[in-house]
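Summary of the model geometry
One-letter residues, chain by chain:
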Amino acid sequence: MPQKEETVRRRWWKEAVVYQIYPRSFQDSNGDGIGDLPGIISRLDYLKGLGVDVVWLSPHYDSPNADNGYDIRDYRKVMAEFGTMADFDALLAGLKARGMRLIVDLVVNHSSDEHVWFVESRKSKDNPYRDYYIWRPGRGDGPPNDWRSYFSGSAWTLDPTTDEYYLHLFADKQPDLNWENDKVRAEVYDLMRFWLDKGVDGFRMDVIPMISKEQTFPDYPPEHRERTEYYHAVGPRLHEFLQEMNREVLSKYDVMTVGEAFGVTPEQTPDLVDERRGELNMIFNFDAVRLCHEGHRYRPWTLPELKAVYNRLEESTGSHCWNTVFLSNHDNARLVSSFGDDAEPWRVPSAKLLATMLMTLHGTPFIYQGDELAMTNYPFTSVEQYDDIAVRNAWKAEVLSGKVTAADFLEGMARTSRDHARTPMQWSSASNGGFTSAAKAWLAVNPNYPQINAEAALADPGSVYHHYARLADLRRAHPALVYGDFVDLAPAHPRLFAYTRRLGDETLLILLNFSRETIEVELPPNLRVGELLLGNLSTPSETSRLAGWEARVHRCHRD
Ligand code: TEU
Ligand code: CA
C-alpha cells in the first residue's frame with residue numbers, strides 16, 4: 001500500500017494556523033462599547049506574534065443584529081458599528097502587509113428579514129422576490145410541518161400580509177433563502193465575487209449543508225426528531241449547489257473554504273471535501289465540541305470519546321480529503337473551561353496542553369480569540385446577564401412554559417452558553433480589560449481580567465500565548481505535523497492521549513496528560529522517545545512520566 005503522504009497535495013491552507021475574530025468582542029476603538037475594525041487593525045502585530053497565518057472574521061456586514069451579524073441586511077456593506085468599507089480595506093491591507101490572509105463569513109442559508117429581498121418578498125404573493133424565500137400555506141391552523149428552529153419553537157412564522165408561512169431554521173428574523181431559485185444562487189455567487197475581487201482569501205460558510213431543502217417539506221422522520229440537524233444537513237441538491245458554486249466562483253480564485261457542517265457525519269464528509277469532487281476544502285465537524293453538551297446541559301465527557309472522534313474522522317477521510325481541528329468558537333463555551341481545567345493552578349498548563357493537541361493533530365487548526373490567553377467561562381448567575389438570542393428564546397420556551405426549572409436551566413447555561421465565548425477580549429488590567437474606554441461594554445467583561453489579560457501574557461515567556469507561538473513555529477519547521485499520518489497509540493487510555501505524526505523519515509510523538517495526576521507512560525516496544533522539542537512545563541518530567549496536565553512533543557525513533 002502506498003504511503004498516504006505521497007498522494008497528499010500541499011496547499012497553503014493545509015499549513016495555515018487560523019484565528020477566529022468575533023469583531024463585536026475583539027477591540028473597541030471609539031468608546032461605544034462595541035468592538036470594531038479599527039480595533040482589530042490596532043492588534044495585527046499581536047496576531048502576527050501569535051503565529052497566525054489566516055484570520056477568519058465573523059460577520060462584518062450590515063445587520064440589525066438579531067443574532068450578532070449572522071442576520072445580514074446588506075451583503076455588500078460593512079456594519080456601521082464596525083466601521084466603513086475603507087476600514088475593511090485597511091484591515092485587509094494590514095493583514096497582507098504582515099503576510100497574513102483573511103477569510104470572511106458567508107451566511108447564505110438565510111438573510112435578515114430586513115434585507116431588501118425579504119422586505120419585497122413578504123409584500124405579495126406575486127412580488128418578483130417572492131421566491132427568494134420559502135413560503136408555504138399552513139396545514140390546518142398550524143404551520144406547514146413540524147420543523148423546529150434551532151432557536152426554539154417552530155421553524156415557520158405566519159406573515160399576516162399574505163397569510164402564508166416563511167421558513168427560518170434559526171430566528172424568525174433569519175428567513176431561509178430559497179436555493180431552488182436560480183436567481184438566488186446567482187445573487188450569492190455575485191456577492192462572493194464582490195468580496196473575492198477585493199482580495200479576501202476565502203470563506204467560512206455558515207450552516208452551508210442546510211441550504212438544500214426537501215421540496216415536499218415532510219414532517220421529521222422519527223429517527224431525526226431529536227437531533228434535527230442530521231435531517232437538515234445534506235439535503236437533496238446540496239452537492240449539486242456546491243459544485244455549481246465551485247465552478248462559477250471558487251475555482252477561479254486561489255482561496256480556502258471551510259463549511260460549518262453541523263449535522264454532517266464523518267462518513268458523509270468525503271462527499272463534501274474530497275478534492276476530486278470540487279466542493280469545499282474542509283468542514284467543521286462538531287462531534288468533538290459537542291461531547292460536552294446535552295441540550296442546554298453540560299455533559300461530562302471522557303477522553304476515550306474524544307479520541308474516538310478524531311480516529312473516526314481519520315478513518316473516514318482519505319488522502320484526497322482534509323480536516324479541521326478545533327474545540328471552540330463563538331457558539332461554544334470557553335475551551336479551557338470545557339475541555340481543560342480552569343481551576344488554578346491548572347488553568348495555564350491545561351490550556352497549553354489543549355493548544356499542543358490542536359496544533360499537532362491531523363488538520364488545519366482553528367484558534368478562537370481569547371483561548372490563547374486561556375480566558376475562562378463567565379460567572380453567569382441570572383438570565384438577564386445573557387445577550388444571546390438562543391438563551392433568551394430558550395428561556396421563554398423552556399422555563400417560562402414550565403418545562404424546565406429556572407435553576408436547572410441556569411446551571412446548564414453557566415457551563416454551555418455561547419455567551420461565554422463572546423465576552424470581550426481581555427487586553428490589560430485597565431478598566432473593562434482594556435477592551436473599551438466606555439463605562440460599559442456591550443457584554444460584561446469577565447471579572448478575572450486583572451489576572452487574565454494579553455498584556456500579562458505578552459510579558460510572561462511561560463504564557464499560553466507564547467506557547468501557541470512556539471507551536472506555530474514547530475508546525476512550520478516540521479511538515480510531519482501538517483502532512484504526516486496520525487496514529488493513536490492508546491485509544492482506550494482514560495487520561496493519556498499519545499499519538500505519532502509521521503512523514504517520510506521523521507516521526508514525532510505527542511504525549512498529553514488530561515488529568516491532574518501523574519501518569520507513567522508505556523509506549524509500544526518499537527518506539528523510542530527522542531529529543532524533547534516542546535513541553536508545557538518549565539521543568540519537564542523524566543521521559544517515561546507525565547505530570548498533571550503535562551504535554552510534550554518529542555522526536556521519536558522506530559526500531
Ligand atoms: O451556527 C449554526 C448552529 O447550528 C449553531 O448556532 C448551533 O445551533 C448552536 O451553537 C447551538 O447552540 C451558525 C453560527 O455559527 C451561529 O453563530 C449562528 O447563530 C447560526 O449559524 C445562524 O446563522
Ligand atoms: Ca466601537
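Please read these numbers as outputs of a predicted model, since none were measured by experiment.

Rules behind the numbers
Along each chain, residues carry numbers from 1 onward, in the same order as the chain's sequence is written. Ligands are numbered from 1 and chains lettered from A, in the order in which they are written. Where totals are concerned, whole chains, interfaces and linings use all residues; where local detail is concerned, this predicted model gives features only for residues with pLDDT of at least 70, and gives and counts side-chain atom pairs only at 80 or more. Just so you know, side-chain values use all the structure's heavy atoms and leave hydrogens and water out. To sort residues, take the accessible area from a 1.4 Å probe on protein chains only and compare it with the maximum for the residue type: under 20% means buried, over 50% means exposed, and anything in between is partly exposed. Comment: elements are numbered from the N terminus, with helices defined as DSSP H or I runs of at least four residues and strands as E runs of at least two. The criterion for strand pairing is that DSSP finds at least two bridges linking the strands in question. Lines fitted to C-alpha atoms define the axes, with helix axes restricted to the stretch in contact, and inter-axis angles between N-to-C directions lie between 0 and 180 degrees. Angles below 35 degrees are treated as roughly parallel, those above 145 as roughly antiparallel, those between 65 and 115 as roughly perpendicular, and all remaining angles as oblique. In this description, contact between two residues means that some pair of their heavy atoms is separated by no more than 4.5 Å. Only Asp, Glu, Lys and Arg are considered charged, only Ala, Val, Leu, Ile, Met, Phe, Trp, Tyr, Cys and Pro nonpolar, and every remaining residue, Gly among them, polar. Summary of the distance rule: residues count as near a molecule or strand when at least one heavy atom falls within 4 Å of that molecule or strand. Throughout this description, a polar contact denotes any pair of N or O atoms lying within 3.5 Å of each other; where both atoms belong to protein, one of them has to be capable of donating a hydrogen while the other can accept it, and for residues adjacent in sequence the pair is counted only when both atoms sit in side chains. A 1.4 Å probe and the Shrake-Rupley method give the accessible areas. Residues count as covered only by the protein chains that appear here. By definition here, a helix of n residues has an expected span of 1.5 Å times n minus one. Within this analysis, the arc is defined by the directions that extend from the helix axis to the C-beta atoms. Lining residues are defined by having an atom within 4 Å of a point belonging to a cavity or pocket. Those points lie on a 1 Å grid over the protein atoms alone, cavities being sets where a 1.4 Å probe fits but cannot get out and pockets being open sets with protein on both sides within 12 Å along at least five of seven lines. Grid points are joined across faces, edges and corners, and a volume is the space filled by probe spheres set on the points. In this scheme Phe, Tyr and Trp rings, the latter by its six-membered ring, pair at centre separations within 6.5 Å, and the angle between planes marks the pair as stacked below 30 degrees, edge-to-face above 60, and tilted otherwise. Whether a charge sits over a ring comes down to the Lys NZ or Arg CZ being within 6 Å of the ring centre and within 35 degrees of the ring normal. Note that water is not among the atoms used; donors are N, O and S atoms within 2.8 Å of the metal (3.2 Å for Na, K and Ca), so sites may look incomplete. Where each domain starts and ends comes from a domain assignment, either automatic or drawn from a database.

Concerning the pairing of strand β1 (residues 18-21)
Of the two faces of β1, the one holding Val18 and Gln20 and the one holding Tyr19 and Ile21 are both buried throughout. Here three bridges tie β1 to strand β15 (residues 364-368), and the two strands are oriented parallel to one another. Bridging across to β15, Gln20 finds its partner in Tyr368. Examined bridge by bridge, β1 and strand β2 (residues 54-57) share four bridges and lie parallel to one another. Among the inter-strand pairings, Gln20 is bridged to a residue of β2, identified as Trp56.

A short note on unusual backbone geometry
In the segment running from Glu344 into Pro345, the intervening peptide bond is cis, with an omega of 5°. Topologically, Pro345 is positioned in the loop between α11 (335-339) and α12 (347-360). For Asn65, which is not a glycine, the phi torsion comes out positive at approximately 65°. Along the polypeptide, Asn65 turns up in the loop between β3 (61-62) and β4 (74-78).

Quick word on the sheet that holds strand β9 (residues 202-205)
Sheet architecture is open: eight strands sit in the order β11-β10-β9-β5-β2-β1-β15-β14, paired in parallel fashion. One side of each edge strand has no neighbouring strand; the edge strands of this open sheet are β11 (282-284) and β14 (324-325).

A few points about the packing of helix α4 (residues 85-97) against helix α6 (residues 182-198)
Direction vectors running N to C along α4 and α6 enclose 55°, while the axes themselves pass 11 Å from each other. With respect to α6, the axis of α4 lies oblique. On the side of α4, the interface is formed by Met85, Phe88, Asp89 and Leu92, while α6 contributes Phe194, Trp195 and Lys198. When grouped by side-chain class, the residues that make up the contact of α4 with α6 number five nonpolar, no polar and two charged.

Concerning the site of ligand 1
Inspection of the region around ligand 1 gives 16 residues, with Asp67, His110, Asp206, Phe262 and Asp331 positioned closest. The contact in question runs from an oxygen atom of ligand 1 to an N or O atom on the side chain of His330, over 2.9 Å. Here ligand 1, which alone exposes 490 Å², has 87% of that area covered by the protein. For the shell around ligand 1, a count of residues per class yields six nonpolar, three polar and seven charged.

Here's the deal with α6
When the terminal C-alpha atoms of α6 are compared, their 25 Å separation across 17 residues agrees well with the 24 Å that a helix rising 1.5 Å per residue should span. If you check which residues of α6 are buried, you get Val184, Arg185, Val188, Tyr189, Leu191, Met192, Trp195 and Leu196. All buried residues of α6 lie within an arc of 165° about the axis, which places them on one face of the element. Set apart from the buried face of α6 by more than 90 degrees, the exposed residues are Asp182, Lys183 and Asp197. On its buried face, α6 sits against β3, β4, α4, β5 (101-106), β9 and α8 (238-248).

A look at the layout of surface pockets
Considering only enclosed or pocket space, the second largest pocket measures out at about 350 Å³ in volume. Forming the boundary of the second largest pocket are 21 residues, of which Arg11, Trp13, Asn246, Val255 and Asn281 lie nearest the centre. Residues of the lining of the second largest pocket, tallied by class, amount to eight nonpolar, six polar and seven charged.

A short note on the packing of aromatic side chains
Tallying each qualifying case throughout the model produces 40 aromatic pairs. A ring pair is formed by Trp135 and Tyr166, whose centres lie 5.6 Å apart and whose planes are at 65°; its orientation type is edge-to-face. Linking Trp135 in strand β6 (residues 135-136) with Tyr166 in strand β8 (residues 164-167), this pair joins segments that are 31 residues apart in sequence. Pair check on accessibility: Trp135 and Tyr166 agree, each one buried. Taken together, the ring pairs in this structure connect Trp56, Tyr150, Phe151, Phe170, Phe262, Phe284, Phe286, Phe326 and Phe366 into an aromatic cluster. If you follow Arg101 out to its NZ or CZ, it ends over the ring of Trp12, 3.8 Å from the centre.

Observations concerning the coordination of the calcium ion (ligand 2)
Within the protein, the atoms that donate to the calcium ion (ligand 2) are Asp28 (OD), Asn30 (OD1), Asp32 (OD), Ile34 (O) and Asp36 (OD), at distances of 2.3 Å. Mapping the donors of the calcium ion (ligand 2) onto the primary sequence gives the spacing D-x1-N-x1-D-x1-I-x1-D. Using a relative accessible area of 52% as the deciding quantity, one classes Asn30 as exposed.

Some points on the side chain of Thr317
One can find Thr317 in the loop between α10 (303-316) and β14. Only 2.6 Å separates the side chain of Thr317 from the backbone oxygen of Leu313, close enough to count as a polar contact. A distance of 3.1 Å separates polar atoms of two side chains, one belonging to Thr317 and the other to Asn323.

Digging into the domain arrangement of the protein
Each domain of the protein was delimited in the assignment, giving domain 1 (12-111 + 182-381 + 451-467), domain 2 (116-167) and domain 3 (484-558). When each unit is reduced to the centre of its C-alpha atoms, the spacing between domain 2 and domain 3 is 55 Å.

Regarding the sheet that holds strand β17 (residues 496-503)
Spatially, the five strands line up as an open sheet ordered β16-β17-β18-β22-β20, and their pairing is antiparallel. Taken across any chain shown, the strands that pair with only one partner, and hence form the sheet edges, are β16 (485-488) and β20 (527-535). Averaged over all neighbouring strand pairs, the angle between strand axes comes to 30°, with direction disregarded. One ladder, built from four bridges, connects β16 with β17; its direction is antiparallel. Among the inter-strand pairings, Val487 is bridged to a residue of β17, identified as Thr500. Across the face of the sheet, α10 comes into contact with β16 and β17 while running at roughly 20° to β17. Against the sheet, α12 touches β17, β18 (506-513) and β22 (551-558), its axis set at about 150° to β18.

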